Amino acid sequence: MFSAFSSIDYQSIRAKTPAETAVKRLNGIGEVLSGLDISSIHTQDEMARALWTLDTADKCIRMILTEFRTERDRDVVREAKSLIDLIELARDEISDYRDGGRILS
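Scoring rules and cut-offs
- Residues numbered from 1 in each chain as written.
- Predicted model: local features only at pLDDT ≥ 70, side-chain atom pairs only at ≥ 80, totals over all residues.
- Heavy atoms only, no water.
- pLDDT = per-residue confidence, 0-100.
- Helix = DSSP H or I, 4+ residues; strand = E, 2+ residues; numbered from the N terminus.
- Contact = heavy atoms within 4.5 Å.
- Axes fitted to C-alpha atoms, helices over the stretch in contact; angles between N-to-C directions.
- Parallel < 35°, antiparallel > 145°, perpendicular 65-115°, else oblique.
- Nonpolar A, V, L, I, M, F, W, Y, C, P; charged D, E, K, R; others polar.
- Core = buried A, V, L, I, M, F, W, Y, C linked by side-chain atoms within 4.5 Å.
- Buried < 20%, exposed > 50% of the residue type's maximum accessible area, 1.4 Å probe, protein only.
- Salt bridge = Lys/Arg side-chain N within 4 Å of Asp/Glu carboxyl O.

Visitor: Could you clarify how one ought to interpret the confidence of the model for the protein chain in this entry?
Guide: A low pLDDT means the predicted coordinates there should not be read in detail. Per-residue confidence for the protein chain gives a mean pLDDT of 83; residues scoring 70 or more make up 79%. When mean pLDDT is taken per element in the protein chain, helix H3 (residues 44-67) scores highest with 94 and helix H1 (residues 3-13) scores lowest with 49. Long-range and interchain partners of residues 1-7, a stretch whose pLDDT sits below 50, account for 0 contacts in this model, where long-range means more than four residues apart.

Visitor: Mind showing me how you'd approach the packing of helix H2 (residues 18-34) against H3 here?
Guide: The relative placement of two packed helices is expressed as an angle between their axes plus a distance between the axes. Between H2 and H3, the least distance of the axes is 10 Å, while the angle of their chain directions is 175°. With respect to H3, the axis of H2 lies roughly antiparallel. Contacts between H2 and H3 involve Ala22, Arg25, Leu26, Ile29 and Leu33 on the former and, on the latter, Thr53, Leu54, Ala57, Cys60, Ile61, Ile64 and Glu67. A breakdown of the residues in the contact of H2 with H3 according to their chemical character gives 9 nonpolar, 1 polar and 2 charged.

Visitor: Please explain the nonpolar core as it appears in this structure.
Guide: Most often, soluble globular proteins have nonpolar side chains that are buried together. Counting residues in each nonpolar core, the largest one holds 23 residues, and the members touching the most others are Leu26, Ile61, Val76 and Ile94. Residues in contact with Ile61, not counting those within four places in the same chain, are Leu26, Ile29, Ala80, Leu83, Ile84 and Ile87.

Visitor: I keep staring at the pattern of salt bridges and nothing clicks. Help me out?
Guide: Side chains bearing opposite charge may pair, as long as their charged atoms lie close to each other. This structure, assessed with the given rule, holds 6 salt bridges. Here Arg91 and Asp55 are joined by a salt bridge, their closest N and O atoms 2.5 Å apart. In this pair, Arg91 sits in helix H4 (residues 74-99) while Asp55 sits in helix H3, placing the two residues 36 residues apart along the sequence. Salt-bridge contacts for Glu88 lead to Arg91; the nearest nitrogen and oxygen are separated by 2.5 Å. Separated by 3 residues within a single helix, Glu88 and Arg91 lie in helix H4, roughly one turn from each other. A relative accessible area of 34% places Glu88 in the partly exposed class. Among the ionic contacts, a cluster of salt bridges with common partners joins Asp55, Glu88 and Arg91.

Visitor: Help me understand the environment of Leu54 in this model?
Guide: With respect to the helices and strands, Leu54 occurs in helix H3. On the basis of relative accessible area, Leu54 is assigned to the buried category, the value being 2%. Measuring from C-alpha to C-alpha, the distance between Leu54 and Leu86 comes to 9.6 Å, with 32 residues separating the pair along the chain. When neighbours within four sequence positions are excluded, Leu54 is seen to be in contact with Leu33, Leu36, Ile87, Ala90, Arg91 and Ile94.

This is how it looks when you write it as structure tokens:
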């Protein structure tokens, strides 16, 4: 049931540095988000699920930044900022979708 989490943890353990561990975790979040297809959102439930996914990813990214605050390097900060920016763009796109009347009630 938690095999996805155990594989992420296994990859993190194999990292050579704490910063590499943080980047691997951030990359995992990016992989999950890459499966989010905003154009396939047609209902309020699908929109809520997509927004929940984005919010959860954002919280995970911020937790990683907190956990690795003393080990941050440019790669960690760059990857986190990139993901946070993409999350904001996705939220805006979902909002535009909703405001454009493409989301069914």
